[in-house]
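Report on the structure
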Amino acid sequence: MPRPDPEYLREDEIERLRGACRDPRDRVLIELMLDTGLRRSEVCRLTWGDLAPDGALVRVRVRHGKGDRPRVTYCTLETWRLLVDACSPGDSRESVFGLTPDGLRQMLRRLGERAGVKVHPHMIRHSAVRRWLKRGVPINAAQRMAGHSTSQLTIDLYGSASDADTAEAFLS
C-alpha cells in the first residue's frame, strides 16, 4: 500500500506565511527551512559555525541529523543576507535562532494562525523537498540534502505526482 502524500504548503500559503511575519527572524527562519529542508531539531541546533558561504551558495552543515547522520545542505545567498541582518552572527558555537524544538513549533503555530494557514515544522520540510524536485534537483541530490537513508525513501515520499501536480502539468 503506498504512503499518503506528505502534507506540504502551496506557494500561496508560503506567501501568506511570509506576509504574516512581524519579526525578521521569523521570516528568515521560514526561508532557511524552505531552502534547506532542515528538521525541527536540526534548525534548533544550528550554530553560526555550521554556515559557510561557498560561492553562489551557503553550505549548511547538519552535524547530528536523524540517526545521528551528518550531512550538508544549502541555502541561497539571499537567505544568508536576510539571516545576517535579522540574527547578527555570533561566535561559531552560538545558536543561530536560540529556539527549542517546542518553541519553534509554537512560533510556527502562531504564525500560521495569523496567516490562516495550517503549518508545522515538518510540513515546511516536505515543502522544501517538493520544491527542490519541482525545480529539477535530481532525486539522489534531494535524498542527500534531506538526509534520507536511501533514495528509495525520497522516491516513496515525493516521487509520485499529486492530483494537483498532474492537473498543473496538464494545463502547462
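Notes on the structure follow. What you are looking at is a predicted structure, and each value in this text was computed from that prediction instead of being measured.

**Some thoughts on the overall build of the protein**
When helices and strands are counted, the protein shows nine helices and three strands. For the protein, the α and β elements follow one another from N to C terminus as α-α-α-β-β-β-α-α-α-α-α-α. For the protein, the C-alpha atoms occupy an extent of roughly 50 × 35 × 30 Å along the three principal directions. Here the protein, with 172 residues, has 42% of them falling under the buried criterion. Intrachain contacts of the protein at a sequence separation of at least 6 include 65% that bridge at least 24 residues.

**With respect to the sheet that holds strand S2 (residues 57-62)**
For sheets, the rule is that strands pair by backbone hydrogen bonds, running either parallel or antiparallel. Pairing is antiparallel in the open sheet, where three strands are placed in the order S1-S2-S3. Strands with a single pairing partner mark the edges of an open sheet, and in this sheet they are strand S1 (51-54) and strand S3 (71-76). Sheet twist, expressed as the mean angle between neighbouring strand axes with direction ignored, is 30°. Running at roughly 125° to S3, helix H2 (residues 24-36) makes contact with S2 and S3 of the sheet.

**With respect to the nonpolar core**
For soluble globular proteins, nonpolar side chains are generally found buried alongside one another. Leu51, Leu83, Phe97 and Leu104 are the most contacted members of the largest nonpolar core, which has 36 residues in total. Tallying contributions element by element places H2 first for this core, with six residues. Among the nonpolar cores identified, the runner-up in size contains eight residues, and Ala128, Trp132, Met145 and Tyr158 belong to it.

**Things to note about the packing of aromatic side chains**
Working definition: an aromatic ring pair is given by the centre-to-centre distance plus the angle between the planes. Counted according to the given criterion, the structure contains one aromatic pair. When the ring of Trp48 is compared with that of Trp80, the centres are 6.2 Å apart and the planes differ by 75°; the resulting orientation is edge-to-face. One end of the pair, Trp48, is in the loop between helix H3 (40-45) and S1; the other, Trp80, is in helix H4 (residues 77-87), and 32 residues separate them in sequence. Across the pair, Trp80 and Trp48 agree in class, each one buried.

**Describing the pairing of S1**
Sheet topology places S1 next to S2; four bridges connect them, and they run antiparallel. What sits directly across from Leu51, in S2, is Val60. If you look at the hairpin formed by S1 and S2, you'll find two residues sitting between the two strands, and Gly55 has a positive phi there, around 70°.

**A few points about the packing of H2 against helix H6 (residues 121-134)**
With their axes 7 Å apart at the nearest point, H2 and H6 run at an angle of 50° to one another. Here H6 runs oblique to H2, going by the angle between their axes. Where H2 crosses over H6, the two elements pack in a sense that is right-handed. In this structure, H2 uses Ile30, Met33, Leu34, Asp35 and Thr36 to contact H6, whose residues at the interface are Pro121, Ile124, Ser127, Ala128, Arg131 and Trp132.

**Details of the side chain of Arg18**
Inspection of the secondary structure assignment puts Arg18 in helix H1 (residues 11-20). By relative accessible area, which is 15% here, Arg18 ends up buried. Here Arg18 is in contact with Arg27, Glu31, Leu34 and Arg131, once residues within four sequence places are set aside.

**Examining helix H7 (residues 139-146)**
Of all the residues in H7, the buried ones are Ala142, Gln143, Met145 and Ala146. Where H7 is buried, its residues contact H2, S3, H6 and helix H8 (151-158). Positioned one or two residues after H7, Gly147 has a phi angle of 80°, which is positive.

Rules and cut-offs
- Residues numbered from 1 in each chain as written.
- Predicted model: local features only at pLDDT ≥ 70, side-chain atom pairs only at ≥ 80, totals over all residues.
- Heavy atoms only, no water.
- Helix = DSSP H or I, 4+ residues; strand = E, 2+ residues; numbered from the N terminus.
- Buried < 20%, exposed > 50% of the residue type's maximum accessible area, 1.4 Å probe, protein only.
- Contact = heavy atoms within 4.5 Å.
- Pairing = 2+ DSSP bridges.
- Axes fitted to C-alpha atoms, helices over the stretch in contact; angles between N-to-C directions.
- Core = buried A, V, L, I, M, F, W, Y, C linked by side-chain atoms within 4.5 Å.
- Phe/Tyr/Trp six-rings, centres within 6.5 Å; stacked < 30°, edge-to-face > 60°.
- Parallel < 35°, antiparallel > 145°, perpendicular 65-115°, else oblique.
- Left-handed = near helix turned anticlockwise from the far one by under 90°.

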